[in-house]
Amino acid sequence: MKQDRWPELSFETGNDTYQTIHLWTQIVGKIKLEKMPWINHSWHITLVVSPFGLSTGDIPDLKKHFQINFDFLKHQLQIVTSQKEERVFPLSELSVAGFYRKLFAAMKELELEININPLPCEIENAIAFPQDEVHAAYLPEIAEDLHIALLKIQRVFTEFRAKFTGKCS
């Protein structure tokens, strides 16, 4: 079974996919940053590793709550709301700009109005999300291996943290 082993994450074969996913997660992280009340050290904007990928967890909006999920098993992005609404689109063959457009169009359909700074953080020669057609790689097998690695890393870190008797944030 594929999940029984630690996957080999190759920079050479996976870098383009990793860069694209990184930029997509920055967009989603900026949405969470905009909507959530500030918690020191930015702990409120991390994405959570889930059995299917990465998730924002619950985000409150004025009239409803919503959650954004990267599903690396079905290779799609899902937005769900507390009013039983759902929008889903495939991740394959999407540039960062295409992802940005689809995500914000879906959020507008769900009446979730959010404005973010469209420039990636801490990246040299950053391209604004709406204009980034350069980063457009998404290989499903690379995303699946990354997801398996994240699940395994989370387990190791959780076990390590559980043994610490001091304060854990």
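Trainee: In this structure, what is going on with the overall build of the chain? I would like to understand it.
Mentor: Scanning the chain from terminus to terminus reveals 3 helices and 6 strands. The helix and strand sequence of the chain, counted from the amino end, reads α-β-β-β-β-β-β-α-α. A globule of 169 residues ought to have a C-alpha radius of gyration of about 15 Å, and the chain, at 16 Å, matches this closely. C-alpha atoms of the chain, sized along the principal axes, occupy 40 × 40 × 35 Å. Across the 169 residues of the chain, 41% fall into the buried class. Accessible surface computed for the chain: about 10300 Å², of which carbon and sulfur atoms make up 55%.

Trainee: Please explain unusual backbone geometry as it appears in this structure.
Mentor: The phi angle of most residues is negative, glycine excepted, and most peptide bonds adopt the trans form. Of note, the phi angle at Glu93 is positive, near 60°, even though the residue is not glycine. Secondary-structure assignment places Glu93 in the loop between strand E6 (86-90) and helix H2 (96-109). One non-glycine residue, Asn125, lies in positive phi territory at about 50°. Looking at where Asn125 falls in the secondary structure, it is placed in the loop between H2 and helix H3 (140-162).

Trainee: Help me understand the packing of helix H1 (residues 11-35) against H2 in this model?
Mentor: Relative orientation and spacing of two packed helices are given, respectively, by the angle between their axes and the distance between those axes. Two elements in contact, H1 and H2, have axes whose closest approach is 10 Å; the angle formed by their N-to-C orientations is 30°. Taken together, the axes of H1 and H2 lie roughly parallel to each other. The chirality of how H1 crosses H2 is right-handed. On H2, the residues that touch Thr20, Leu23, Trp24, Ile27, Val28 and Ile31 of H1 are Val96, Phe99, Tyr100, Leu103, Phe104 and Met107. Among the residues making up the contact of H1 with H2, the classes are represented as 11 nonpolar, 1 polar and no charged.

Trainee: Help me understand the nonpolar core, please; the structure alone is not making it clear to me.
Mentor: Soluble globular proteins tend to pack their nonpolar side chains together in the buried interior. Membership of the largest hydrophobic core comes to 33 residues, with the highest contact counts inside it found for Ile79, Phe99 and Leu103. Looking at this core, the elements with two or more residues in it are H1, strand E4 (65-71), strand E5 (76-81), H2 and H3. Ranked by residue count, the leading element in this core is H2, at 7 residues. Apart from the residues lying within four places of it in its own chain, the contact partners of Ile79 are Phe66, Gln67, Ile68, Glu85, Glu86, Arg87, Leu103, Ala106, Met107, Leu110 and Leu112.

Trainee: Even after reading the chapter, I still don't get the packing of aromatic side chains, so can you show me in this structure?
Mentor: Geometry of an aromatic ring pair is reported as the spacing of the ring centres plus the angle between the planes. Scanning the model with the defined rule gives 7 aromatic pairs in all. Relative to Phe104, the ring of Tyr100 has its centre 4.6 Å away and its plane inclined at 40°; by these criteria the two rings are tilted. Of this pair, Tyr100 and Phe104 both sit in helix H2, 4 residues apart, roughly one helical turn. Accessibility classification places Tyr100 together with Phe104 in one group, the buried group.

Trainee: Before we go on, may I ask you to explain the pattern of salt bridges in this structure?
Mentor: Summed over the entire model, instances satisfying the criterion amount to 6 salt bridges. Here Lys64 ties to Glu85 by a salt bridge, and the two come within 2.8 Å at their closest N and O atoms. Remark: Glu85 occurs in the loop between E5 and E6 and Lys64 occurs in the loop between strand E3 (59-60) and E4; sequence separation between them is 21 residues. Lys64 gets classed as buried once you look at its relative accessible area, which sits at 5%.

Trainee: Sorry if this is basic, but what is going on with a nonpolar patch on the surface here?
Mentor: A contiguous nonpolar patch, built from Trp6, Ile153, Val156 and Phe157 and spanning about 430 Å² of accessible area, is present on the exposed surface. Considering the arrangement of structural elements, one finds Trp6 in the segment before H1.

Trainee: What should I look at first to understand the packing of H1 against H3 in this one?
Mentor: Between H1 and H3, the shortest axis-to-axis distance is 9 Å and the interhelical angle comes to 75°. In this view, H1 runs roughly perpendicular relative to H3, as classed from their interaxial angle. Listed contacts from H3 to Thr13, Gly14, Thr17, Tyr18 and Ile21 of H1 are Ile142, Ala143 and Leu146. In the contact of H1 with H3, the residues fall into 5 nonpolar, 3 polar and no charged.

Parameters and conventions
- Residues numbered from 1 in each chain as written.
- Predicted model: local features only at pLDDT ≥ 70, side-chain atom pairs only at ≥ 80, totals over all residues.
- Heavy atoms only, no water.
- Helix = DSSP H or I, 4+ residues; strand = E, 2+ residues; numbered from the N terminus.
- Rg over C-alpha atoms; globule rule 2.2 N^0.38 Å.
- Buried < 20%, exposed > 50% of the residue type's maximum accessible area, 1.4 Å probe, protein only.
- Areas by Shrake-Rupley, 256 points an atom, 1.4 Å probe, with all protein chains shown as cover.
- Axes fitted to C-alpha atoms, helices over the stretch in contact; angles between N-to-C directions.
- Parallel < 35°, antiparallel > 145°, perpendicular 65-115°, else oblique.
- Left-handed = near helix turned anticlockwise from the far one by under 90°.
- Contact = heavy atoms within 4.5 Å.
- Nonpolar A, V, L, I, M, F, W, Y, C, P; charged D, E, K, R; others polar.
- Core = buried A, V, L, I, M, F, W, Y, C linked by side-chain atoms within 4.5 Å.
- Phe/Tyr/Trp six-rings, centres within 6.5 Å; stacked < 30°, edge-to-face > 60°.
- Salt bridge = Lys/Arg side-chain N within 4 Å of Asp/Glu carboxyl O.
- Patch = residues over 30% accessible without salt bridge, like charges linked within 9 Å, V, L, I, M, F, W, Y side chains within 5 Å.

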